[in-house]
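Structural overview
Read off the chains here:
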Amino acid sequence: MNRRRSVSFVRDVVVATAVVVGLYGLAFVEFQPVQIPGYFLIVGFDMLEATLGSAGSNYDVLFYAYLIGLGVVSGGFGHFLRAWTDDEVPNWRRGVAGALIVAGLLAFSFALLVPVGPSQLTPVLIASVTGLLSFVVAGWVTGMLDRNGIGIPADRG
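On a predicted model such as this, the values are computed, not experimentally measured, just so you know. (Residues numbered from 1 in each chain as written. Predicted model: local features only at pLDDT ≥ 70, side-chain atom pairs only at ≥ 80, totals over all residues. Heavy atoms only, no water.)

**Points about the overall build of the chain**
Tallying secondary structure elements over the chain gives five helices and zero strands in all. If you list the helices and strands of the chain from N to C, you get α-α-α-α-α. For the chain, the proportion of its 157 residues judged to be buried stands at 35%. Considering only contacts within the chain whose residues lie at least 6 apart along the sequence, 62% involve residues at least 24 apart. Put simply, the chain shows about 9,700 Å² of open surface, and 67% of that area lies on carbon and sulfur atoms. (Helix = DSSP H or I, 4+ residues; strand = E, 2+ residues; numbered from the N terminus. Buried < 20%, exposed > 50% of the residue type's maximum accessible area, 1.4 Å probe, protein only. Contact = heavy atoms within 4.5 Å. Areas by Shrake-Rupley, 256 points an atom, 1.4 Å probe, with all protein chains shown as cover.)

Following this line, the structure appears as structure tokens:
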């Protein structure tokens, strides 16, 4: 990996980690619809903890390491998006999009793991819509959903 690519990867990771931490911070806002992405980050860690065992007294340290790990994975997605986006898109947007993709994947994984029944339909729908919105916003941020890219004709006047 040459120096330029490694610098852009580090930038993507830093931006994506900041966005992941910001999404986690939304869990503490007093307006419930805004709390949803942060909630899915917490639930993702809880699913990981249920699989690997209790974090016990190290919960805080491991949770913040989890957020940083999500930032690294998100930065990887952002770096991967470089091949699919225009060079005119500001570089920091790819890191934002990577974080949104990971948040969307966490929401979709929650929707898949909840048993669907009459009483569980609302959480599945909320998780699915959150995941879909995360993907759409990621596409918009990177310019992949520009007017001509999704088939909307350009203005003629």
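**A short note on the nonpolar core**
Counting 14 residues, the largest nonpolar core has Val20, Leu41, Phe63, Tyr66, Leu67 and Leu70 as the members making the most contacts within it. Contributions of two or more residues to this core are made by helix 1 (3–25), helix 2 (32–52), helix 3 (59–81) and helix 4 (91–113). Apart from residues lying up to four places away in sequence, leucine 41 is in contact with Val20, Leu23, Tyr24, Phe63, Tyr66, Leu67, Leu70 and Leu106. (Core = buried A, V, L, I, M, F, W, Y, C linked by side-chain atoms within 4.5 Å.)

**Concerning helix 2**
Along its 21 residues, helix 2 runs 30 Å from first to last C-alpha, staying within 8% of the 30 Å computed at 1.5 Å per residue. A bend of about 30 degrees at glycine 38 is the largest found in helix 2. Residues of helix 2 that are buried: Gly38, Phe40, Leu41, Val43, Gly44, Phe45 and Glu49. (Expected span 1.5 Å × (residues − 1). Bend = angle between axes of the 7 residues up to and from the residue.)

**Considering the side chain of threonine 130**
You can see threonine 130 is positioned in helix 5 (residues 121–142). If we ignore the near neighbours within four places in the chain, the residues touching threonine 130 are Ile36, Phe40 and Ala107.

**Points about the confidence of the model for the chain**
Mean pLDDT over the chain works out to 83, with 86% of the residues at or above the 70 mark. When pLDDT is averaged over each helix and strand of the chain, the minimum, 85, is found for helix 1 and the maximum, 91, for helix 3. (pLDDT = per-residue confidence, 0-100.)

**Here's the deal with the packing of aromatic side chains**
Within this structure, the stated rule accounts for twelve aromatic pairs. Taking 5.3 Å as the distance between ring centres and 90 degrees as the angle between the ring planes, the aromatic pair formed by tyrosine 24 and phenylalanine 28 counts as edge-to-face. The class of tyrosine 24 is buried, set by a relative accessible area of 15%. Residue phenylalanine 28 is classed as exposed on the basis of its relative accessible area, which comes to 54%. (Phe/Tyr/Trp six-rings, centres within 6.5 Å; stacked < 30°, edge-to-face > 60°.)

**Some words on a nonpolar patch on the surface**
A cluster of nonpolar side chains, contributed by Leu132, Val136, Val137, Trp140 and Leu145, occupies part of the molecular surface with about 480 Å² of accessible area. Given the relative accessible area of 62%, tryptophan 140 is considered exposed. (Patch = residues over 30% accessible without salt bridge, like charges linked within 9 Å, V, L, I, M, F, W, Y side chains within 5 Å. Salt bridge = Lys/Arg side-chain N within 4 Å of Asp/Glu carboxyl O.)

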